[in-house]
Amino acid sequence: ACPNASRYLPPLVGYDRLHRILVTGHLPTHSPVDTRKLGELVVGGHLNGLACQLGEALAVLHDGFRPWRRQAPLNPGLQPSKPALLDENVAYFNGLLRRSTLPPVVRRWLEALLLQPGVEQELRRLNGAWRTDFVIHGDLASHNVLIRAEPGPVGDLRVCDWEFTGWGDPDWDAAVFFQELLR
């Protein structure tokens, strides 16, 4: 369905119907992106090879699977995917605040965020602008982006862990990955 996707995916072994997950092959030559080195994605004001590969991988995956949308009845397992913070807005944050495991600094930050004027309205605006015409990964955190441990040719990047894949806004995939730069 997506001709160039295999460059960025682990080898497909099969599909587990009971758990509704793809089973992929092991990549012993690859490891997760080191979050301590994410700042190296931009060198001298330009994106380095890893950032370019990630951008190309996202373009291939998002654009390559678009024809599936026309065949949606044939793909009943692929559901719309939207972050809970957009779908539930303030209720999502209030749920987080009720968690006893939430670190105090995060609790204070969330409480301050919710008191800011316009936050709830902006979340509602973003919710309304959410698109569902692309297949997205849904959890493109750095631990789900694998790179070859030793430098090699272009295509050393693989995206794994597709459990949150669904129809959604491709900007979410990029945002989830690059938000780690702000940590």
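The preceding data block contains the structure.
Residues numbered from 1 in each chain as written. Predicted model: local features only at pLDDT ≥ 70, side-chain atom pairs only at ≥ 80, totals over all residues. Heavy atoms only, no water.

Participant: I keep staring at the pattern of salt bridges and nothing clicks. Help me out?
Facilitator: If charged atoms from side chains of opposite charge come close, those side chains can pair. According to the stated counting rule, one finds four salt bridges in the structure shown. Note that Arg 124 is salt-bridged to Glu 120, the shortest N-O span being 2.3 Å. Taken together, the positions of Arg 124 and Glu 120, both in helix α6 (residues 119-129) and four residues apart, correspond to about one turn of that helix. Since its relative accessible area comes to 47%, Arg 124 is described here as partly exposed. Of the residues examined, Glu 120 reaches a relative accessible area of 32% and is grouped as partly exposed. One salt bridge in this structure joins Asp 171 and Arg 131, with 3.8 Å as the shortest N-O distance. Of this pair, Asp 171 sits in helix α7 (residues 170-178) while Arg 131 sits in the loop between α6 and β6 (134-136); the two residues are 40 residues apart in sequence, bridging distant segments of the chain. Residues joined by salt bridges that share partners form a network here, namely Arg 131, Asp 169 and Asp 171. (Salt bridge = Lys/Arg side-chain N within 4 Å of Asp/Glu carboxyl O. Helix = DSSP H or I, 4+ residues; strand = E, 2+ residues; numbered from the N terminus. Buried < 20%, exposed > 50% of the residue type's maximum accessible area, 1.4 Å probe, protein only.)

Participant: Looking at this structure, I do not really get the environment of Asp 139. What am I missing?
Facilitator: As for its placement among the helices and strands, Asp 139 is situated in the loop between β6 and β7 (145-148). Note on Asp 139: relative accessible area 19%, which makes it buried. Linking Asp 139 and Trp 172, residues 33 residues apart in sequence, is a C-alpha distance of 8.7 Å. The contacts of Asp 139, once residues within four sequence positions are left out, are Asn 144, Asp 161, Phe 164, Asp 173 and Val 176. (Contact = heavy atoms within 4.5 Å.)

Participant: How should I be thinking about the environment of Ser 142 in this particular structure?
Facilitator: Considering the arrangement of structural elements, one finds Ser 142 in the loop between β6 and β7. Along the primary structure Ser 142 and Val 176 are separated by 34 residues, whereas in three dimensions their C-alpha atoms are 8.7 Å apart.

Participant: Would you explain the pairing of β7 in this entry?
Facilitator: The two faces of the sheet receive side chains in turn, since in a regular strand these alternate between them. Two elements, strand β3 (residues 30-32) and β7, share three bridges in a ladder whose sense is antiparallel. Residue pairing in the sheet places Ser 31 in a bridge with Ile 147 of β7. Judged from the three bridges that link them, β7 and strand β8 (residues 157-159) form a sheet pairing that is antiparallel. Bridging across to β8, Val 145 finds its partner in Val 159. (Pairing = 2+ DSSP bridges.)

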